[in-house]
Amino acid sequence: MIIAGARPNFMKVAPLMRAFQSYPYSNPILVHTGQHYDDNMSRLFFEELQIPKPEINLGVGSASHAQQTAAIMTGIEPVMLSCKPDVVVVVGDVNSTVGCGLVAVKLGIRLAHVEAGLRSHDRSMPEEINRILTDAMSDLLFCSEPSGIENLQRENVESKKVHLVGNVMIDSLLYCRKQAAKSLVLERHGLEQKGYGILTLHRPSNVDDNRVFSRIVEALEEIQRDMPIVFPVHPRTRACIQETYLGDRIKAMSQIMMVDPFGYMDFMKLMSSAYVVLTDSGGIQEETTILGIPCLTLRENTERPATVDMGTNQIVGTDAQRIVAAFKAIKRRNKLPETMPPLWDGHAAERIADIIIEDSSVAKQNYSLMRSA
Ligand code: UD1
């Protein structure tokens, strides 16, 4: 059983579904928790990434962390009881990941975590708590970069459970690259190759806190004098903008283009042609690394240090002067780094499927041996 819940999960489950479907008897069941539900946060991604329609959609929707996680847990428990999967595969670090993981282990079902071991070491991030808990519960831990292995070793996770397999998000990017290149998003928005920046913001620590958000806005006021900035606005961020005076300040900037969130193909095309990306997203730090696009991460830390080691990503925090200085220091460094993190080659999902299938048959053999003893 493969679980998807929120937008950053969808590009991770797409290659996993393809990999499992290539095994004749693996019978993957896809469940959507419904944590994200807007067309442009969910349906569009299923269509563009050709993800099969989920067999079950729990339709949990938005709520506080406790309410949302509880709805995910009470929704998924009867599904797991009736489907009796050999293994539950959760991806990333959202509430659907930890909620479904906890239900699986309590039902005695083996749990696999894809994108294990990432740590920002910042426990104020809801995702950091989700990552730590999910890893602590998992039987199989699949890491996307070497730091994941080191973090899990430090946390005394048995090494036989841990596998460095590469990055399923990059599997999707490489798989869709040709199709994304055909997108006409630049023409639609009157943008020129390498002549614009992109901004994405949605972390609660940036957008829910007015003081932090206004420092970022101050930096934007300066940067947009140099070039247009495309700003696809996440629903959480839109709500924060509407509630404060910051909306008027952003609208007053002539070169900021506030638009609805893009689908996958348009956004990949937009990123690959950008001069710079400013973001607080985790996945975008990785995608800009593969694309060779400078990325300024508007956070104080990253759980993805490989992106910094490769040279495309810089952690610049949220101080206006620091962001502007980092922007000015980018001198068209948009060439591919010399090397890539190990195994970011488009085949991570196949490695994961191989290991899970092997693990399930060993687990089944051990179970029958135990029963016959
Ligand atoms: C969630 C994840 C975060 C991930 C992000 C990607 C958790 C704890 N957080 O944060 O790790 O980086 O998704 O987008 O799981 N909303 C809509 N339509 C939707 C979904 C949400 O309008 O389809 C609005 C709702 O008002 C909701 C708010 O956005 O309250 C936030 O959504 P939520 O899923 O709670 O968290 P995200 O900020 O999206």
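Up top is the structure.
Engineer: Residue-level account of the sheet that holds strand E12 (residues 295-297), with values.
Structural biologist: What the six strands build is an open sheet, ordered E10-E9-E8-E11-E12-E13; its pairing is parallel. Only two strands of the sheet have a single neighbouring strand rather than two, namely strand E10 (256-259) and strand E13 (313-315). Taking the axes of each pair of neighbouring strands and ignoring which way they run, one obtains an average angle of 20° across the sheet.

Engineer: How would you summarise the site of the ligand if you had to cite specific residues and measurements?
Structural biologist: Lining the immediate surroundings of the ligand are 18 residues, of which Gln35, His36, Glu127, His202 and Arg236 lie closest. Between the ligand and Glu127 there is a distance of 2.6 Å, counted from an oxygen atom to a side-chain nitrogen or oxygen. With the chains in place, 84% of the 740 Å² that the ligand exposes on its own is no longer accessible. Among the secondary structure elements, those contributing two or more residues to the shell around the ligand are helix H3 (65-83) and helix H11 (235-243).

Engineer: Explain unusual backbone geometry to me, using residue names and the numbers behind them.
Structural biologist: Here Asn156, not a glycine, exhibits a phi torsion of approximately 60°, which is positive. With respect to the helices and strands, the residue Asn156 is situated in the loop between helix H6 (146-154) and strand E7 (162-164). For Leu343, which is not glycine, the phi torsion reads 70° and is therefore positive. The residue Leu343 is located in the loop between helix H16 (320-329) and helix H17 (348-372) in this model. Judged by relative accessible area, which is 31%, Leu343 ranks as partly exposed.

Engineer: Talk me through the packing of helix H13 (residues 264-272) against helix H14 (residues 283-291); I want residue IDs and the actual numbers.
Structural biologist: Across the interface, H13 lies against H14 with an axial gap of 10 Å and an inter-helix angle of 55°. As the angle between them shows, H13 and H14 are arranged oblique. Where H13 crosses over H14, the handedness of that crossing is right-handed. On H14, the residues touching Tyr264, Phe267, Met268, Met271 and Ser272 of H13 are Ile284, Glu287, Thr288 and Leu291. Of the residues contributing to the contact of H13 with H14, the split by class is six nonpolar, two polar and one charged.

Engineer: How would you sum up the packing of helix H1 (residues 7-21) against helix H7 (residues 168-181)? Please name residues and give values.
Structural biologist: Two elements in contact, H1 and H7, have axes whose closest approach is 8 Å; the angle formed by their N-to-C orientations is 80°. When the interaxial angle is binned, H1 and H7 end up roughly perpendicular. Residue-level inspection shows Pro8, Met11, Lys12, Ala14, Pro15, Leu16 and Arg18 of H1 in contact with H7, the latter providing Val168, Met169, Asp171, Ser172 and Tyr175. A breakdown of the residues in the contact of H1 with H7 according to their chemical character gives eight nonpolar, one polar and three charged.

Cut-offs and rules
- Residues numbered from 1 in each chain as written.
- Predicted model: local features only at pLDDT ≥ 70, side-chain atom pairs only at ≥ 80, totals over all residues.
- Heavy atoms only, no water.
- Pairing = 2+ DSSP bridges.
- Helix = DSSP H or I, 4+ residues; strand = E, 2+ residues; numbered from the N terminus.
- Axes fitted to C-alpha atoms, helices over the stretch in contact; angles between N-to-C directions.
- Near = heavy atom within 4 Å.
- Polar contact = N/O pair within 3.5 Å; in protein donor to acceptor, adjacent residues only side chain to side chain.
- Areas by Shrake-Rupley, 256 points an atom, 1.4 Å probe, with all protein chains shown as cover.
- Buried < 20%, exposed > 50% of the residue type's maximum accessible area, 1.4 Å probe, protein only.
- Parallel < 35°, antiparallel > 145°, perpendicular 65-115°, else oblique.
- Left-handed = near helix turned anticlockwise from the far one by under 90°.
- Contact = heavy atoms within 4.5 Å.
- Nonpolar A, V, L, I, M, F, W, Y, C, P; charged D, E, K, R; others polar.

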